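Descriptive analysis of the structure
Here are the chains, one letter per residue:
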Amino acid sequence: MTWKEISEMSKNMELHEVILTLEMLENGEDPVNLRNMLGDILKVILEESEKQYGKKQKTLTGLTGENAFKFSNYSPKLMGEFNYIATTTALSIAESNASMGRIAACPTAGSSGIIPGVYYSLYKLFNPSFEELLNSFIVSGGVGNVIAKKATLSGAAGGCQAEIGAAAAMAAAGLSYFFIKSADVAGNAAALALKSLMGLVCDPVGGFVEVPCVKRNGNIVNLAISSAELAMSGIKSVIPLDEVIDAMYKVGKSLPESLRETGEGGIAATPTARKLIDNIKNKLF
Amino acid sequence: MSLLKILGPVMVGPSSSHTLGALKISRFAYKLVGKTPDKVTFLLHGSFSKTYKGHGTDRALLAGIMGFKQDDPRIKDAFEVAKERGLEYSFEIQDLGEVHPNTVRIKFEVEGIVHEIEGSSIGGGDIKITNIDSVPCDLSWDYDTLVIVNKDIPKALEKILDAINVNVANLYLRRINALLERALTIVELDEPVDNLEEIKKIPYVYECYFIGRDY
């Protein structure tokens, strides 16, 4: 399934309906049931965002845990309210994940802060109905599905571009759909986000989903927002989403193994990272 | 159900392979006996043995063996809950041979009966149960599963299959004790059986466990 095919079908049916119908055809899942189950995931995302917002966390290795707290006590000089709430939420959920909190692995546990970041901000600032938010969430899922089918969502297979890159693309598409009901705009938003993260390596220090993952979530949620904003202004991705995804996959496959979640390359291989890991191992084992 | 997998699952962090997968393997063991065992030993292999504390694999395994689901916030406090329940537990690092890097062997005991499950967390929260009570198998837990200890004599399997009223997807059978004439049969089913008690009453069936899928 390509985004182009989905876009074409959305000329006769709303985009989120197209995505649910395709799922039904493929997996035999009843669209009403499916919509309810997806709604349950979105409810967890909103509940946890509310609960974890700005909380100080005790993570498993102690490498992170206070970033969301710090940021939530800071008055932003540059960011608007939407970005500020989104950033705090993304940091909060990513740190909650590192502390064995409840999350939706959307699309993965390591990138689980991005989608909550944008949806919680929409929820707080735009007074949407739940159904409206869910429609956008389904569009995010549709983009993730195309990436999963054409390429990969796994950091071990494709680097961080496949995890947080996919999360950003999904968030950007859903965010634009909330305001403009267009598959083309959503596709452009997703393509613009993914292109900006092309080549991003997966380099967790010690292999743990803490450094650099948490701050990457906090940062990249802003890229998702700006990508949605660019696409909504009418800016198009010269390269269509399907081709961007194919290119991302090729880049992922050509990344050396040390840069794909092994904890052996990138920032995980720096002298400071090695020292930190020695300390943690001594403490844990 | 791919959309559900992409936008979820709802789980307790931090890692789908080191936390969620580990919990699922050990929850499979819990569901085999249907209760928290009295005693459990987790033998950790490969990357499970290297990073289990940093990923909370130990707490996830312990939570699973007590029957917690993957989104249960108590997973974090699994050590405390195990103590409250009087569950005796230990973790050992062991080379389990040519197996997936994220593999665990779980030895557990309920009322004096010892069971052993081996499973691998193969990525994205997917698991593979590779051994049940010394019988090699390859279960994804995408099916409802029956595990039967039966008499190792002619027609035993026929009688068992005859009583199973739903479609069989996969079947594993192995002699486990020639002297005691015992065999172990593992059956993966498309849907749950509704006559479990009837199957348990077949004269050739010594033990019968039903592990319904729940993810």
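The rules behind each value
Residues numbered from 1 in each chain as written. Chains lettered and ligands numbered in written order. Predicted model: local features only at pLDDT ≥ 70, side-chain atom pairs only at ≥ 80, totals over all residues. Heavy atoms only, no water. Contact = heavy atoms within 4.5 Å. Buried area = accessible area lost by both parts, 1.4 Å probe. Salt bridge = Lys/Arg side-chain N within 4 Å of Asp/Glu carboxyl O. Polar contact = N/O pair within 3.5 Å; in protein donor to acceptor, adjacent residues only side chain to side chain. Helix = DSSP H or I, 4+ residues; strand = E, 2+ residues; numbered from the N terminus. Axes fitted to C-alpha atoms, helices over the stretch in contact; angles between N-to-C directions. Parallel < 35°, antiparallel > 145°, perpendicular 65-115°, else oblique. Left-handed = near helix turned anticlockwise from the far one by under 90°. Nonpolar A, V, L, I, M, F, W, Y, C, P; charged D, E, K, R; others polar. Phe/Tyr/Trp six-rings, centres within 6.5 Å; stacked < 30°, edge-to-face > 60°. Buried < 20%, exposed > 50% of the residue type's maximum accessible area, 1.4 Å probe, protein only. Lys NZ or Arg CZ within 6 Å of the ring centre and 35° of its normal. Domains from an automatic or database assignment. UniProt positions renumbered as here; feature names shortened; annotations may be inferred.

1. Points about the interface of chain A and chain B
Listed per partner, the contact involves 41 residues of chain A and 30 residues of chain B. Here chain A and chain B share an interface that buries about 2700 Å² over both sides, 68% of which is from carbon and sulfur atoms. In terms of surface lost to chain B, no three residues of chain A exceed Leu60(A), Met100(A) and Phe285(A), which account for 24% of the buried area on that side. Applying the counting criterion to the chain A and chain B interface returns zero salt bridges. Here chain A is connected to chain B by nine residue pairs in polar contact (both at pLDDT 80 or more). At the level of elements, helix H2 (15-27), helix H3 (31-52), helix H5 (81-98), strand E1 (102-104), helix H7 (130-150) and helix H13 (271-284) of chain A are the ones that each hand at least two residues to the side of chain A that touches chain B.

2. Points about the packing of helix H4 (residues 57-65) of chain B against helix H5 (residues 78-85) of chain B
Residue and element names in this part refer to chain B. Direction vectors running N to C along H4 and H5 enclose 40°, while the axes themselves pass 9 Å from each other. In terms of axis orientation, H4 runs oblique to H5. As for how H4 packs across H5, the hand of that crossing is left-handed. Residues Asp58, Arg59, Leu62 and Ala63 of H4 touch H5, and the partners they reach there are Ala78, Phe79 and Ala82. Its residues placed into classes, the contact of H4 with H5 shows five nonpolar, no polar and two charged.

3. Looking at the packing of aromatic side chains
What the rule picks out here adds up to 14 aromatic pairs over all chains. Ring plane angle 65° and centroid distance 6.0 Å describe the contact between Phe82(A) and Phe126(A), whose orientation is recorded as edge-to-face. Placement of the pair is Phe82(A) in helix H5 and Phe126(A) in helix H6 (residues 114-126), with a sequence separation of 44 residues. Judged by relative accessible area, Phe126(A) falls into the partly exposed class, the value being 40%. Judged by centre distance (6.1 Å) and plane angle (25°), the ring pair of Tyr52(B) and Phe91(B) falls under stacked. Linking Tyr52(B) in the loop between helix H3 (46-51) and H4 with Phe91(B) in strand E3 (residues 88-93), this pair joins segments that are 39 residues apart in sequence. In this structure Tyr52(B) comes out as buried when scored by relative accessible area, which is 8%. Put simply, the rings of Phe42(B), Tyr52(B), Phe79(B), Tyr89(B) and Phe91(B) touch in pairs and so form one group of aromatic residues. Directly above the ring of Phe69(A) sits Lys56(A), whose terminal nitrogen or CZ lies 4.5 Å from the centroid. Across the ring face of Tyr177(A), the terminal group of Lys181(A) is positioned such that the distance to the ring centre comes to 5.0 Å.

4. Section: the domain arrangement of chain B
Residues and elements named next belong to chain B. Once the domains are mapped, chain B shows domain 1 (1-132) and domain 2 (142-214). Centre-to-centre separation of domain 1 and domain 2, based on C-alpha positions: 25 Å. The partner domain 2 presents nine residues to the seven residues of domain 1 that form the contact. With both sides pooled, the region where domain 1 packs onto domain 2 buries about 760 Å², and carbon together with sulfur makes up 63% of that total. The three residues of domain 1 that bury the most area against domain 2 are Lys31, Leu32 and Ile132, which together make up 60% of that side's buried surface. The interface formed by domain 1 and domain 2 holds two salt bridges in total. Where lysine 31 meets aspartate 214, a salt bridge forms, and the shortest distance between an N and an O atom there is 3.7 Å. At four residues, helix H2 (residues 16-33) tops the list of elements feeding residues into the side of domain 1 that touches domain 2.

5. Considering the UniProt feature "domain: Serine dehydratase beta chain" (unreviewed entry) in chain B
Those residues carrying the UniProt feature "domain: Serine dehydratase beta chain" (unreviewed entry) are residues 10-75 of chain B in this numbering. Along residues 10-75 of chain B, the helical share is 50% and the strand share 15%, with 13 Å between the first and last C-alpha atoms.

6. Overview of unusual backbone geometry
In this model, Val211(A) is joined to Pro212(A) through a cis peptide bond whose omega is 5°. Here Pro212(A) shows up in the loop between helix H10 (183-196) and helix H11 (213-232). Of note, the amide linkage connecting Gly13(B) to Pro14(B) takes the cis form, showing an omega dihedral of 5°. Mapping Pro14(B) onto the fold places it in the loop between strand E1 (10-12) and H2. Even without glycine at this site, Asn127(A) takes up a positive phi of about 50°. With respect to the secondary-structure elements, Asn127(A) resides in the loop between H6 and H7. Accessibility expressed as a relative area gives 70% for Asn127(A), which makes it exposed. Located in the positive-phi region is Glu111(B), a residue other than glycine, with phi close to 45°. Of note, Glu111(B) is situated in the loop between strand E4 (102-110) and strand E5 (113-123). Judged by its relative accessible area of 60%, Glu111(B) is exposed.

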